[in-house]
Amino acid sequence: MVGGRGRKGYCTMEDLGNTRFIEVETEPVTGAQMVLSAVYEALMQKGYNPVNQIVGYIMSGDPTFITSYNGARSLIMKVERDELVEELLRSYIDNKQWEQK
């Protein structure tokens, strides 16, 4: 075992006591913002509930949750799902005006 990691990079019980840290670069307007906006509009125009459909896509990775109308499906597949989650969370935190220390 090297660095507290077990076989094939899996975490061991010792790792559960530590918090991992990730630093993400910030951009003024991200591709994720533009994609989410375009996908949201396409879903609304087709009569879908955008929140439910986007959550379904993020959770499953199944692109059929997103309409192909206006190229929304191919557009959302160009952005990693973790980037979408990051953008949604950042927007939520900004709108709640939580302090970031």
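A brief report on the enclosed structure follows. The shown structure was predicted, so the numbers you read here are calculated from the model rather than taken from an experiment.

### With respect to the packing of helix α2 (residues 50–60) against helix α4 (residues 81–96)
Interaxial distance between α2 and α4 falls to 9 Å at its minimum, and their mutual angle equals 135°. Between α2 and α4, the angle falls in the class oblique. Between α2 and α4 lies a crossing of left-handed hand. Contacts between α2 and α4 pair Y57, I58, M59 and S60 from the former with R81, L84, V85 and L88 from the latter. Of the residues contributing to the contact of α2 with α4, the split by class is six nonpolar, one polar and one charged.

### Section: a nonpolar patch on the surface
On the surface, V51, V55 and M59 cluster together into a nonpolar patch covering about 320 Å² of accessible area. With respect to the element layout, M59 can be found in helix α2. A relative accessible area of 68% places M59 in the exposed class.

### Regarding the nonpolar core
In this structure, V39, I54, Y57, I66, I76 and L84 are the most contacted members of the largest nonpolar core, which totals 14 residues. When contributions to this core are tallied by element, the ones reaching two or more residues are α1 (31–45), α2 and α3 (72–76). The leading source of residues in this core is α1, at six residues. Among all residues touching I76, those that are not within four sequence positions of it are V35, V39, Y57, I66 and L84.

### Quick notes on α1
The end-to-end C-alpha separation of α1 is 21 Å, in line with the 21 Å expected for 15 residues at 1.5 Å each. All buried positions along α1 are accounted for by A32, V35, L36, V39, A42 and L43. Projected down its long axis, α1 carries its buried residues within an arc of 135°, all on one side. Buried residues belonging to α1 abut α2, α3 and α4. Just downstream of α1 lies G47, where phi reads positive at about 90°.

Cut-offs applied
- Residues numbered from 1 in each chain as written.
- Predicted model: local features only at pLDDT ≥ 70, side-chain atom pairs only at ≥ 80, totals over all residues.
- Heavy atoms only, no water.
- Axes fitted to C-alpha atoms, helices over the stretch in contact; angles between N-to-C directions.
- Helix = DSSP H or I, 4+ residues; strand = E, 2+ residues; numbered from the N terminus.
- Parallel < 35°, antiparallel > 145°, perpendicular 65-115°, else oblique.
- Left-handed = near helix turned anticlockwise from the far one by under 90°.
- Contact = heavy atoms within 4.5 Å.
- Nonpolar A, V, L, I, M, F, W, Y, C, P; charged D, E, K, R; others polar.
- Patch = residues over 30% accessible without salt bridge, like charges linked within 9 Å, V, L, I, M, F, W, Y side chains within 5 Å.
- Areas by Shrake-Rupley, 256 points an atom, 1.4 Å probe, with all protein chains shown as cover.
- Salt bridge = Lys/Arg side-chain N within 4 Å of Asp/Glu carboxyl O.
- Buried < 20%, exposed > 50% of the residue type's maximum accessible area, 1.4 Å probe, protein only.
- Core = buried A, V, L, I, M, F, W, Y, C linked by side-chain atoms within 4.5 Å.
- Expected span 1.5 Å × (residues − 1).
- Arc of directions from axis to C-beta.

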